[in-house]
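Commentary on secondary and tertiary structure
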Amino acid sequence: MGAKMVPFGGWDMPVQYTGIIQEHLTTRSNAGLFDVSHMGEIFVTGDAKDVLEFLELVTCNTISSMKEGQVQYNAVVNENGGLVDDITVYKFNDTKYMICSNASNYEAVTKHLQTYVKGNVTVANESKNWHQIALQGPKADEIFAKYLGKDLSSILYYHFSEMNWKGETIIVSRTGYTGEDGFEIYTSNSLGVTLWKDLLEIGKEFGLVPVGLGARDTLRLEAKYPLYGHELNAEWTPVESGINFIVKEKSKPYLGYDRIIADKKNGPKSKVVGIRLMEPGVLRENFPIFSGDGKEIGKSTSGTHSPSRKESLGLAILQTEFAKNQTEVFVEIRGQKKLAKVETGAFIQGSVRNNR
């Protein structure tokens, strides 16, 4: 399809098809189609009691509160309180869950999980058997409903449904990584290729376009979604990484519990927040950030020129005292210190907010 290909996490991936800005804006206004079949699918099955205890031990969000058909944003944690990966957890029933993990991490996640297996629990990495497509944007529901010939309004935000399609059981979840409404669709590899072609064809009248990694990154940054290796890593707790809303207290402690809960209760020394430049320049990762009196207080973790807001913005880890909304800081870009402001609120109001 004329995509510019780049290496990514051991895969050859399209960074763009027609152009990052066009793909980004079309996803915000109409819809974009993403081939994310590099993502990981790990299934956890077994005795209901054993599976629940196991998942509660290795993640920081509360698994016991999940209902069948629900998707939960969560994180697999290590003994130090850092992150092995941020994940989404799919609950099929009390004896079967699926973990969707990042492409570069699913083997490490599988190995980590298998280390802590007890009782009647099986952890199976089935990533090579599954294909995943993300259909995102305000017209995603209309496009996919027309393709399937069925109303999809019963699939609520962060929920999923199994359905029969072209001779196999597929998984359709109302989730995504753009800040827009849409779906992540899990199929076999062969059906995934067919689905990709079919959706692009039926989506033409709605303005649907294929979207690469470049716009995927700018879209997720506008939505303030973290990315492993940037805002998330094996050293920082979920609280430091800015995803403290998934950190829960549990009666039986999970891995790294004391450090994570201490950060939650007392506040971490540093944490990830949104930041935007107030002067010309483009924010990128690992730029040093200073206070007004010249003290180095953190660094950028991700950055881009926002196609929607037409300004440079991103995420940064800052000493907590400087992480308050509208705090003025200075980012060093090519030897020059540029004025920036902390922005703790939303960068964009995407269509996903209408479906929560």
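One structure accompanies this document, and this report is about it. As the structure is a computational prediction, the values presented were derived from the model and not from experiment.

Thresholds, definitions, all that
- Residues numbered from 1 in each chain as written.
- Predicted model: local features only at pLDDT ≥ 70, side-chain atom pairs only at ≥ 80, totals over all residues.
- Heavy atoms only, no water.
- Helix = DSSP H or I, 4+ residues; strand = E, 2+ residues; numbered from the N terminus.
- Rg over C-alpha atoms; globule rule 2.2 N^0.38 Å.
- Contact = heavy atoms within 4.5 Å.
- Areas by Shrake-Rupley, 256 points an atom, 1.4 Å probe, with all protein chains shown as cover.
- Lys, Arg positive; Asp, Glu negative; His and termini not counted.
- Charge placed at Lys NZ, Arg CZ, Asp CG, Glu CD.
- Core = buried A, V, L, I, M, F, W, Y, C linked by side-chain atoms within 4.5 Å.
- Buried < 20%, exposed > 50% of the residue type's maximum accessible area, 1.4 Å probe, protein only.
- Axes fitted to C-alpha atoms, helices over the stretch in contact; angles between N-to-C directions.
- Parallel < 35°, antiparallel > 145°, perpendicular 65-115°, else oblique.
- Left-handed = near helix turned anticlockwise from the far one by under 90°.
- Nonpolar A, V, L, I, M, F, W, Y, C, P; charged D, E, K, R; others polar.
- Pairing = 2+ DSSP bridges.
- Salt bridge = Lys/Arg side-chain N within 4 Å of Asp/Glu carboxyl O.
- Phe/Tyr/Trp six-rings, centres within 6.5 Å; stacked < 30°, edge-to-face > 60°.
- Lys NZ or Arg CZ within 6 Å of the ring centre and 35° of its normal.

Glancing now at the overall build of the protein. Helix and strand counts for the protein stand at 7 helices and 19 strands. Against the 2.2 N^0.38 benchmark of 21 Å for 356 residues, the protein shows a C-alpha radius of gyration of 20 Å, consistent with a compact globule. The contacts of the protein with a sequence gap of at least 6 include a subset with a gap of at least 24, amounting to 65%. Summed over its atoms, the accessible surface of the protein is roughly 15,200 Å², and 49% of this surface lies on carbon and sulfur atoms. Measuring between centres, the 40 positive side-chain charges of the protein sit 4 Å from its 43 negative side-chain charges.

Here the focus is the nonpolar core. In a soluble, globular protein the nonpolar side chains are often hidden away together inside. Counting 60 residues, the largest nonpolar core has Phe54, Tyr90 and Leu113 as its most contacted members. Of all the elements, strand β6 (residues 83-93) adds the most residues to this core, at 6 residues.

On the secondary structure map, Lys67 appears in the loop between α2 (48-58) and β5 (71-77). Here Lys67 falls in the exposed class, since its relative accessible area comes to 60%. Separated by 27 residues in the primary sequence, Lys67 and Asp94 have C-alpha atoms spaced 8.9 Å apart.

All right, on to the packing of helix α1 (residues 20-29) against helix α6 (residues 213-222) then. Orientation of α1 relative to α6, taken along the N-to-C sense of each, is 50 degrees, at an axis distance of 8 Å. Between α1 and α6, the crossing angle belongs to the class labelled oblique. Handedness of the α1/α6 crossing: right-handed. Here Ile20, Glu23, His24, Thr27 and Arg28 of α1 lie close against α6, whose contacting residues are Gly214, Ala215, Thr218, Leu219 and Glu222. Across the contact of α1 with α6, the residue classes tally to 3 nonpolar, 4 polar and 3 charged.

This brings us to the environment of Leu232. Along the polypeptide, Leu232 turns up in the loop between α6 and α7 (257-266). When the C-alpha atoms of Leu232 and Asp85 are compared, they prove to be 7.6 Å apart, with 147 residues separating the residues in sequence. Beyond its immediate sequence surroundings of up to four residues, Leu232 is in contact with Tyr73, Leu83, Asp86, Pro226, Leu227, Ser241 and Ile243.

Direction of pairing for strand β1 (residues 4-8) relative to strand β2 (residues 11-16): antiparallel, over a ladder of 5 bridges. Counted as the bridge partner of Pro7 is Asp12 from β2. Hairpin geometry of β1 and β2 is characterised by an intervening segment of 2 residues between the two adjacent antiparallel strands and by a positive phi of about 55 degrees at Gly9.

Attention now goes to the pattern of salt bridges. Inspection of the entire model under this criterion finds 18 salt bridges. In this structure, the salt-bridge partner of Lys265 is Glu249, at a minimum N-O distance of 3.9 Å. Residue Lys265 is located in helix α7, and its partner Glu249 is located in the loop between α6 and α7; the two are separated by 16 residues in the primary sequence. As far as burial versus exposure is concerned, Lys265 and Glu249 are alike and both exposed. Put simply, Arg276, Arg309, Glu311 and Glu343 are held in one network by salt bridges that share partners.

To continue, consider the packing of aromatic side chains. Each aromatic ring pair is summarised here by two numbers: the centre-to-centre distance and the angle between the ring planes. On inspection of all chains with the given rule, the structure shows 13 aromatic pairs. Centroid distance Tyr90 to Tyr186: 5.5 Å. Interplanar angle 85 degrees. Geometry classified as edge-to-face. Of this pair, Tyr90 sits in strand β6 while Tyr186 sits in strand β12 (residues 182-187), placing them 96 residues apart in sequence. Taken individually, Tyr90 and Tyr186 each receive the classification buried, so the pair is uniform in this respect. Note on Tyr157 and Tyr158: the rings are 5.0 Å apart at their centroids and 70 degrees apart in plane angle, and the pair reads as edge-to-face. Each of the two residues, Tyr157 as well as Tyr158, counts as buried. Sitting over the face of the ring of Phe347, Lys224 holds its NZ or CZ atom 4.5 Å from the ring centroid. The ring of Phe290 carries Lys337 above its face, with NZ or CZ at 4.0 Å from the centroid.

Moving on, we get to the sheet that holds strand β4 (residues 40-46). Taking strand neighbours across the sheet as the criterion, the 5 strands line up as β5-β6-β7-β4-β8 in an open arrangement whose pairing is antiparallel. Here the strands that pair on one side only, and so sit at the sheet edges, are β5 and β8 (121-125). Along the sheet, successive strands turn relative to each other by an average axial angle of 30 degrees, direction set aside. Sheet topology note: the β6/strand β7 (residues 96-101) ladder contains 5 bridges and is antiparallel. Counted as the bridge partner of Asn93 is Lys96 from β7. Here α2 sits on the sheet and contacts β4, β5, β7 and β8; the angle it forms with β4, its principal contact strand, is near 135 degrees.

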